[in-house]
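Residue-level structural notes
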Amino acid sequence: MNSITLEKLKTLIDSIGRINSNFSDINALQLCILESAMRLVVCESSFLLMVNKNDGSLHCAVALGSKSDDAKYIPVDQKSVAGWVVTHNQHIIINEVASDTRFSHVMQQKTGNRTNTMIAVPMRVKGECMAVIELVNKTDKQSFDKGDADILELFCSQASLVYQNADFYRMAQERVSALQATVQSGNTYHPFISKSTIIQDLFHIVEEVSKTVSPILITGESGVGKGLFAEQIHLKSPRCNKPFVRVNCASLSPDLLDEELFGHSDFRSSTDGPLQTADGGTLFFDEISALSPQLQEKVLRLIQTKQYTPKDEGISVPIDVRIVASTTRDLEQLVKDGIFRSDLYYRLNVLPINVPSLRDRKDDIEPLALFFLKQFSNATHKNFTNISDGALLQLTKHFWPGNVRELKNCIERACIVGVPPVVQRNDLGLSVPTDVHTVKTTSDNKEFDTFVENSVMVDDEDKTLKSAIDRFKKAYIIKILDETSWNQTAAGKILGIQRTYVSRLLNELHIRDDRQ
């Protein structure tokens, strides 16, 4: 331990404080743990690999560094370096990776990143390895050493305790959410608001596909209302008097989702899961691209055979559900990348429906805004009756990267901060004009000048240089993120900064990805 410097200990104490502040959000905690490890030992990229409690398999929960998004979906061989760490429950330093037989080249081949040096350290709960932190290519071509291992061991011992407590909290919250979803399934539907021609035409297609029993795949950006279209498909189908059950594939862990979907067989039990509750009705897989490979296989079998096999039972149970799925991601590309099963994709893509973005159906903005105005006027106990012409004009011109969800949040904010009876332009909080996103290139001086001018425009009295700079930074970062489909690693390359710094700027500038 003598190799640990005072500066490293200070960073360690600060890192432990940071991970404790993310206790209630397991995803944020995983990211914070990995970012903290990279602060302690600076390197090019890193991975947090979680151990499956049931079969001991490994999967990459978080990846930071170049092409990290691709790495998250690559299977981890149990004979790899991480697998060795799990088996032996001890850290390992490899400063000549090319000559080590335990190194799996799959990750390197998929991402194109060359691994020269690495260190892998176990995170233990009650002495058992529950995760592995891998750091790759120490900066300045240095070798990992005992000091790195010592500080990471200390950090992992504390991070493991925080993660265990957060995991208990997460499981309790997920169980409550899953049970609430089951109780509320099929009882309440959202109103469908639209007057644009493009949506009306799409609605005619919905009416036709609703008559069939074939699977339906709904695609579109986050926040466009894919779930509402799924509801309308159910309501216009012969199954309308049966339950409509939504399964959020991205919000539940693979183990809990598997348990909720396929862990029940008694249809008369009070513990029926979503699959049993949906019998005779519609089962909606929201963001199906997030399903694990094992669950993809089970869903495919469900579609093909109309049967499922409950966990720990050898008897297949018949089930009658209509499958509707949605995704914001390009499933065809995920198939090419080996992340999503091609046979499941082709079964789902029989009747595809693409929901256009809000910017492509601007006729819907005003009726939606007025609908949300009435909703939040009641919720805030304020008697708002209308939206000013200036506010409506700004709403119409906005780019709406977060689509209907962003519009809803915008009107909610206006009702909170505004003064009745009319919502004004300044109440919307849209200080950055939305045409910023339409700038094609910053190399064109005229367009770039327009971008800068629009970015720093203010609607209030805060005209300080710092505020103007922050507004510009926020607008420019959003622009680059839009260009990269909100891939923070790719955005970081364009901006010339580390992916971890991009993440920090999102927090500091209050930038949200409303697609999620």
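Scroll up a little and you will see the structure.
Now for a quick tour of the structure. Keep in mind it's a predicted model, so treat the numbers as computed, not measured.

About the criteria used
- Residues numbered from 1 in each chain as written.
- Predicted model: local features only at pLDDT ≥ 70, side-chain atom pairs only at ≥ 80, totals over all residues.
- Heavy atoms only, no water.
- Helix = DSSP H or I, 4+ residues; strand = E, 2+ residues; numbered from the N terminus.
- Polar contact = N/O pair within 3.5 Å; in protein donor to acceptor, adjacent residues only side chain to side chain.
- Axes fitted to C-alpha atoms, helices over the stretch in contact; angles between N-to-C directions.
- Parallel < 35°, antiparallel > 145°, perpendicular 65-115°, else oblique.
- Contact = heavy atoms within 4.5 Å.
- Nonpolar A, V, L, I, M, F, W, Y, C, P; charged D, E, K, R; others polar.
- Salt bridge = Lys/Arg side-chain N within 4 Å of Asp/Glu carboxyl O.
- Buried < 20%, exposed > 50% of the residue type's maximum accessible area, 1.4 Å probe, protein only.
- Left-handed = near helix turned anticlockwise from the far one by under 90°.
- Core = buried A, V, L, I, M, F, W, Y, C linked by side-chain atoms within 4.5 Å.

Secondary-structure assignment places Ser222 in the loop between β6 (216–219) and α8 (226–235). Looking at Ser222, its side chain comes within polar contact range of the side chain of Arg405, at 2.8 Å.

Turning to the packing of helix α19 (residues 488–495) against helix α20 (residues 499–508), a few remarks are in order. Put simply, α19 and α20 touch, their axes get as near as 8 Å, and they point 100° apart. One element, α19, and the other, α20, form an angle in the roughly perpendicular class. Mapping the contact onto sequence places Gln488, Thr489 and Gly492 in α19 and Arg499, Val502, Ser503 and Leu506 in α20. Of the residues that constitute the contact of α19 with α20, the class distribution is two nonpolar, four polar and one charged.

With that settled, the discussion passes to the pattern of salt bridges. All chains considered together, the criterion is met by 16 salt bridges. Residue Asp100 pairs with Arg102 through a salt bridge whose shortest N-O separation is 2.8 Å. The class for Asp100 is buried, based on a relative accessible area of 15%. Put simply, Asp320 and Arg239 hold a salt bridge, and the shortest N to O gap is 2.7 Å. With a gap of 81 residues between them, Asp320 in the loop between β10 (317–318) and β11 (322–327) and Arg239 in the loop between α8 and β7 (244–248) connect regions that are remote in the sequence.

Okay, the packing of helix α7 (residues 197–209) against α8 next. Helix-helix packing: each pair is described by the crossing angle between the helix axes and the interaxial distance. Running from N to C, α7 and α8 cross one another at 40°; their axes reach a closest spacing of 10 Å. When the interaxial angle is binned, α7 and α8 end up oblique. Relative to α8, the crossing made by α7 is right-handed. Contacts from Ile199, Leu202, Phe203 and Val206 of α7 reach α8 at Phe229, Gln232 and Ile233. Taken together, the residues of the contact of α7 with α8 break down into six nonpolar, one polar and no charged.

Further remarks concern the nonpolar core. One finds Ile33, Met123, Ile133, Leu135 and Phe155 to be the most contacted residues of the largest nonpolar core, which totals 35 residues. Elements supplying a minimum of two residues to this core: α1 (6–20), α2 (26–40), β1 (43–51), β2 (58–64), β4 (118–125), β5 (128–138) and α6 (146–184). The leading source of residues in this core is α6, at nine residues.

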